[in-house]
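Structural features, examined
Here's the letter readout for the chains.
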There are 2 protein chains.
Amino acid sequence: MMVSVIGIGAGTRQSLTGEAMEALRRCEVIAGYTVYIQQMQELFGQEKEYLTTPMTREEERCRLALELARQGRRVAMVSSGDAGVYGMAGLMLELAPGYPGVTVEVIPGVTAALSGAAVLGAPLGHDFAVISLSDLLTPWEKIEARLLAAAEGDFAIALYNPASRRRPDYLKRACGILLRRLEGDTPCGLVRQIGRTGQQARLLSLRELENTPVDMFTTVFIGSSQTKIIDGRLVTPRGYRHE
Amino acid sequence: MMVSVIGIGAGTRQSLTGEAMEALRRCEVIAGYTVYIQQMQELFGQEKEYLTTPMTREEERCRLALELARQGRRVAMVSSGDAGVYGMAGLMLELAPGYPGVTVEVIPGVTAALSGAAVLGAPLGHDFAVISLSDLLTPWEKIEARLLAAAEGDFAIALYNPASRRRPDYLKRACGILLRRLEGDTPCGLVRQIGRTGQQARLLSLRELENTPVDMFTTVFIGSSQTKIIDGRLVTPRGYRHE
């Protein structure tokens, strides 16, 4: 039996691909974090069974989904953005070997780096790096080394999990590290609640970003040396010269 | 008047988001590269007008689309994958100021890094870098520096444009550079014609990848130090320890 791990983007009909929508229609049970399950209930109502566990109980949620699939149920595990980018796909694939006969299918979605970039313009139009500032599962030294390497490589950068209640100053620390290599006037952008009600966006310099409080619903974009602001949009051109 | 620059993923109904589909339904004229326009004709037939220019005439294509919008037509510019990742969004935003009254809206899509990753498993489950090996608009030294920085930062890496007829050996060169920093047995993957008829995928080591010919329809994935193969799937776990 198959479990589909589905990237649902912002979780609305608008943000789902045709493939994700079809996989959701096909399944009997939708598993996921509470907030995303509420969104699925708005789309599918009583048609489906739902399975939720709190934010920190992800392994338990995966095991419940895999166990239901082993019993022959058609299960979808939803994950915001793309299921393969800091999402549930990896964990499901790691746990699946304990459930013989269960196959895991991954259905991609629009991750916040892409949907947030579209709101701002095209900040990821050339080579880019995606880095999470969450040190829940990653040592901070590793995050710091990646920030430095990304700046060294002149990548445009998308930062996920730039802050939380437990670590309100992580974006400030990250900007401090980036400022060792990047100019203070490097164009940057913030998008909050991408694709959801109350979406907000803002352009600012790296120096301003360093002193800007953000929350866990925000995705942060740092320009490369080529990134510029054109008519209020953040743009990284595709190349270093024009044809 | 608005031009929508739309990421169409693999160009099928399955790969389009609800938002992209809606924007395509709304427009009168769809502009794009010949191959993608053929796909749009399969979806919309005679309902729409179509505007194509060859691969190398991208600036001309953008200018024609912007000029039609200036004249009051509702225009969509389609771009494979995500319009903002090596796509048409940046160029449209750069050219738009020459067309007063025309606004450019960017609608994100599933770029090959995400759709290819889903085919292989979850190779981009943690921090990653996206690098194009095309030196058409980027000096090769810059590409080389980015490869080294990405390896230095222990990022999982997605490579776009790994080869073309004019530069059949670029992937070999890139692997040679990565092998200065990465182990030869680093798990890697290839996906060709993602989401299209004849899709192919393969897992292999970095050392094997170095001597594997690929074409321009292939997206290449290089693992980080944490990436592993689990039951034939390429997986980069979300963190360095489990809860």
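Here's a quick rundown of the structure. As the structure is a computational prediction, the values presented were derived from the model and not from experiment.

Basis of the calculations
- Residues numbered from 1 in each chain as written.
- Chains lettered and ligands numbered in written order.
- Predicted model: local features only at pLDDT ≥ 70, side-chain atom pairs only at ≥ 80, totals over all residues.
- Heavy atoms only, no water.
- Pairing = 2+ DSSP bridges.
- Helix = DSSP H or I, 4+ residues; strand = E, 2+ residues; numbered from the N terminus.
- Patch = residues over 30% accessible without salt bridge, like charges linked within 9 Å, V, L, I, M, F, W, Y side chains within 5 Å.
- Areas by Shrake-Rupley, 256 points an atom, 1.4 Å probe, with all protein chains shown as cover.
- Salt bridge = Lys/Arg side-chain N within 4 Å of Asp/Glu carboxyl O.
- Buried < 20%, exposed > 50% of the residue type's maximum accessible area, 1.4 Å probe, protein only.
- 1 Å grid on protein atoms, 1.4 Å probe; cavity = no way out; pocket = protein on both sides within 12 Å on 5 of 7 lines; lining within 4 Å.
- Points joined across faces, edges and corners; volume = space filled by probe spheres on them.
- Nonpolar A, V, L, I, M, F, W, Y, C, P; charged D, E, K, R; others polar.
- Phe/Tyr/Trp six-rings, centres within 6.5 Å; stacked < 30°, edge-to-face > 60°.
- Lys NZ or Arg CZ within 6 Å of the ring centre and 35° of its normal.
- Least-squares fit on C-alpha atoms with pLDDT ≥ 70 in both.
- Contact = heavy atoms within 4.5 Å.
- Buried area = accessible area lost by both parts, 1.4 Å probe.
- Polar contact = N/O pair within 3.5 Å; in protein donor to acceptor, adjacent residues only side chain to side chain.

A few words now on the sheet that holds strand 6 (residues 121-122) of chain B. Residue and element names in this part refer to chain B. Read from one edge of the open sheet, three strands run 6-13-12, paired in mixed fashion. The open sheet has two edge strands with one neighbour each: strand 6 and strand 12 (228-230). Pairing between strand 12 and strand 13 (residues 233-235): three bridges, direction antiparallel. Residue pairing across strands places Lys-228 opposite Val-235, the latter belonging to strand 13.

Residues and elements named next belong to chain A. A cluster of nonpolar side chains, Met-55, Met-216 and Phe-217, forms an exposed patch at the surface whose accessible area comes to about 280 Å². In this structure, Met-216 sits in the loop between helix 8 (206-210) and strand 11 (218-222). Judged by its relative accessible area of 40%, Met-216 is partly exposed.

We now examine empty space enclosed by the protein. It is a probe the size of a water molecule, rolled over the atoms, that shows where empty space is left. On inspection of all chains with the given rule, the structure shows one cavity of 30 Å³ or more. Reported here for the largest cavity is a volume of approximately 40 Å³. The wall of the largest cavity is formed by A:Thr111, A:Leu114, A:Phe128, B:Thr111, B:Ala113, B:Leu114, B:Phe128 and B:Val130. Going through the elements one at a time, helix 5 (112-120) and strand 7 (128-132) of chain B are the ones with two or more residues in the lining of the largest cavity. Broken down by class, the residue content of the lining of the largest cavity amounts to six nonpolar, two polar and no charged.

Turning our attention to the packing of aromatic side chains. On inspection of all chains with the given rule, the structure shows six aromatic pairs over all chains. Centre to centre, the rings of A:Tyr33 and A:Tyr36 are 5.5 Å apart; their planes meet at 70°, and the pair counts as edge-to-face. Its relative accessible area of 17% is what places A:Tyr36 among the buried residues. With centroids separated by 5.1 Å and ring planes inclined at 50°, the aromatic side chains of B:Tyr86 and B:Tyr160 adopt a geometry described as tilted. One end of the pair, B:Tyr86, is in the loop between strand 4 (75-79) and helix 4 (89-95); the other, B:Tyr160, is in strand 8 (residues 156-160), with 74 residues separating them in the sequence. Taking relative accessible area as the criterion, B:Tyr160 reaches 9% and is therefore assigned buried. Against the face of A:Trp140 rests A:Arg173, its NZ or CZ located 4.3 Å from the ring centre.

Okay, the relation of the copies chain A and chain B next. Overlaying chain A on chain B yields an RMSD of 0.0 Å, the required transformation being a rotation through 180° with an accompanying axial translation of 0.0 Å. Both copies of the chain, as the preceding transformation shows, are related through a two-fold rotation axis.

Our next topic: the interface of chain A and chain B. Listed by partner, the interface residues are 68 residues for chain A and 69 residues for chain B. The three residues of chain A that bury the most area against chain B are A:Leu137, A:Arg146 and A:Arg238, which together make up 13% of that side's buried surface. Residues A:Arg238 and B:Glu58 are paired through a salt bridge, measuring 2.1 Å at the closest nitrogen-oxygen approach. In this structure, the connection of chain A to chain B is made through 36 residue pairs in polar contact (both at pLDDT 80 or more). Residues of the side of chain A that touches chain B, tallied by class, amount to 29 nonpolar, 20 polar and 19 charged. Looking at chain direction, strand 7 (residues 128-132) of chain A and strand 7 of chain B are connected through three bridges and run antiparallel. Looking at strand 7 of chain B, one finds that A:Phe128 is bridged to B:Val130.

Honestly, that's just the spatial picture; any functional story needs more than this.
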